Amino acid sequence: MTDEFDAPDGPAPAMESGSVESRSAAESGEPGDVFAWGAVSDVGRVREINQDSMLVREGLFVVADGMGGHRGGEVASAVAVEAMQSVAPSPTIGELVDAVHAANRAVIDRASGDAALIGMGTTLCAVARVRSADPEPQLGVINVGDSRVYVFADGELTQVTDDHSLVGEMLRDGQLTADEAALHPQRNVVTRAIGIQNDLQVDYWELPARTGDRYLLSSDGLFDELSEAQITAVLGRLADPEAVANELVRLANDHGARDNVTVVVVDVIDGADDGPALVSEPPLTDHRSIQPDGDDAMPAAPAEPPAPSDPPEPVATRRPVRRIVTAVVAAVIVLAVILGFVARYARDNYFVTFADTNGAPSESSQVVIFQGRPDGVLWFDPTVEERTPILGLDLTDALILEVEQIPEFDSLDAAQRYVVELTTRATEANG
Ligand code: MG
């Protein structure tokens, strides 16, 4: 497969000749730059195609991990990253989020024109310098899907983004531990992606750009192979962001690199000197439904400038409630299913025995067909299904003994056949 990626603005992507599917870019700070960075995207050891794409330029860093058969994933991530190119230098966080929705539209439009691409999608995470009222430089972080943005600050690695994956959600809801999540067979099932539907939720954060902070953007091909401790060690050991990117990709390959590996390392070299320590916080979410495209007469520029984040609803307070509600609903459903099985087990059975009119068995009383289990299950007690005209007095001792064994049947029909047979045998025995 040809590599369609071009590092925009970037100096010649050279190096890493070990794989034709490796591409890289790096830049050390020019005067006035806020960032220095290094970036490598590698096909890995197993895949034949690199479906990851990245975009690196001063002030904007994007990683996208495409999914979809044939060339779909490759195209989806490339289209999304290309759409992000149109972001103006130093956008507001709202404009950055707008660009993600535009990328969503672009991938959907591209797929709708090509049957081979239907169903393609991509993750997308980004770090960008954003313009804000705050005099100190600010960073915007955005995320859709299960690629990750980490920040390495004061020797500590913190994942900024939430994984939009089945396992990520179970982890956040406390249904899995981090160790279980890391090995979960369904850890690659994403619950949010670009290009899948018009309706899209974009997580975003605005953070102070602190000099010395190091951001890591990567596709899951990195952190599925390396532990956070291994990643942290490399981030702390090597000063040059390009060297870090190369080393992380090399280690992922050493560990088997079953997926494409993309690593973008961004150092804040001219940010705020100090500031509030970065606190991991839940994202704000921009939830928007884009209009399906189809009007060719529309100008190329978006006709209705999407209101840059009409004050986004802070999910910070709503979200725990939603999680609790989700957990309760899930628990109720699980309980209902279990009770369903118990009830079915308890009731899906018939037995025959003697019963008085008050229900206590006795050989001098009536032979009765019950529904349920003889001893009951939980609060599911057996109930009388059918009283027969046969009395214990009509039966021989052997037959009384047999009925006292409480024969069981899996259908009413079978129980009724047994009662008929019992009558026949009693008649024969009594001559
Ligand atoms: Mg991947």
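Enquirer: How would you sum up the sheet that holds strand E14 (residues 350-355)? Please name residues and give values.
Expert: With antiparallel pairing, the four strands of this open sheet are ordered in space as E16-E15-E14-E17. A single partner strand is all that each edge strand has here, and the edge strands are strand E16 (383-391) and strand E17 (408-409). Sheet topology note: the strand E15 (residues 366-371)/E16 ladder contains five bridges and is antiparallel. Following the sheet pairing, Gln 371 is matched in E16 by Thr 383.

Enquirer: Break down the coordination of the magnesium ion for me, citing the residues and quoting the values.
Expert: The protein atoms donating to the magnesium ion are Asp 65 (OD), Asp 220 (OD) and Asp 259 (OD), with metal-donor distances spanning 2.1 to 2.2 Å. Positions of the donor residues of the magnesium ion along the chain correspond to the pattern D-x154-D-x38-D. With Asp 220 in helix H5 (residues 220-223) and Asp 259 in the loop between helix H7 (241-254) and strand E12 (261-268), this pair connects stretches of sequence that are 39 residues apart. Each member of the pair, Asp 220 together with Asp 259, is buried.

Enquirer: Can you tell me about the side chain of Thr 161, naming the residues and giving the values?
Expert: With respect to the secondary-structure elements, Thr 161 resides in the loop between strand E9 (156-159) and helix H3 (166-172). The exposure class assigned to Thr 161 is buried, which follows from its relative accessible area of 2%. At 3.0 Å, the side chain of Thr 161 and the backbone nitrogen of Val 149 are in polar contact. Those residues in contact with Thr 161, other than ones at most four positions away along the chain, are Val 141, Asn 143, Ser 147, Arg 148, Val 149 and Trp 205.

Enquirer: Let's hear about a nonpolar patch on the surface: which residues, and what values?
Expert: A surface patch of nonpolar side chains, amounting to about 470 Å² of accessible area, comprises Val 325, Val 329, Ile 333, Val 337 and Phe 341. Positionally, Phe 341 belongs in helix H8 (residues 315-347).

Enquirer: Outline the packing of aromatic side chains, supporting the account with residue identities and numerical values.
Expert: Applying the stated rule across the entire model yields four aromatic pairs. Relative to Phe 370, the ring of Phe 351 lies with its centre 5.0 Å away and its plane at 10 degrees, an arrangement referred to as stacked. One end of the pair, Phe 351, is in strand E14; the other, Phe 370, is in strand E15, with 19 residues separating them in the sequence. A centroid spacing of 5.2 Å and a plane angle of 40 degrees characterise the contact between Phe 409 and Tyr 418, whose relative ring orientation is tilted. Of the two residues examined, Phe 409 and Tyr 418, each falls in the buried class. Members of the aromatic cluster, each reached through a chain of ring pairs, are Phe 35, Trp 37 and Phe 61. Note that Arg 148 overlies the ring of Phe 223, its terminal NZ or CZ placed 3.8 Å from the centroid. The lysine or arginine in question, Arg 373, covers the ring of Tyr 345, its NZ or CZ lying 3.9 Å from the ring centre.

Calculation criteria
Residues numbered from 1 in each chain as written. Predicted model: local features only at pLDDT ≥ 70, side-chain atom pairs only at ≥ 80, totals over all residues. Heavy atoms only, no water. Pairing = 2+ DSSP bridges. Helix = DSSP H or I, 4+ residues; strand = E, 2+ residues; numbered from the N terminus. Donors = N, O, S within 2.8 Å, 3.2 Å for Na, K, Ca; no water. Buried < 20%, exposed > 50% of the residue type's maximum accessible area, 1.4 Å probe, protein only. Polar contact = N/O pair within 3.5 Å; in protein donor to acceptor, adjacent residues only side chain to side chain. Contact = heavy atoms within 4.5 Å. Patch = residues over 30% accessible without salt bridge, like charges linked within 9 Å, V, L, I, M, F, W, Y side chains within 5 Å. Areas by Shrake-Rupley, 256 points an atom, 1.4 Å probe, with all protein chains shown as cover. Salt bridge = Lys/Arg side-chain N within 4 Å of Asp/Glu carboxyl O. Phe/Tyr/Trp six-rings, centres within 6.5 Å; stacked < 30°, edge-to-face > 60°. Lys NZ or Arg CZ within 6 Å of the ring centre and 35° of its normal.

The quantities given are spatial measurements derived from coordinates; they are silent on function.
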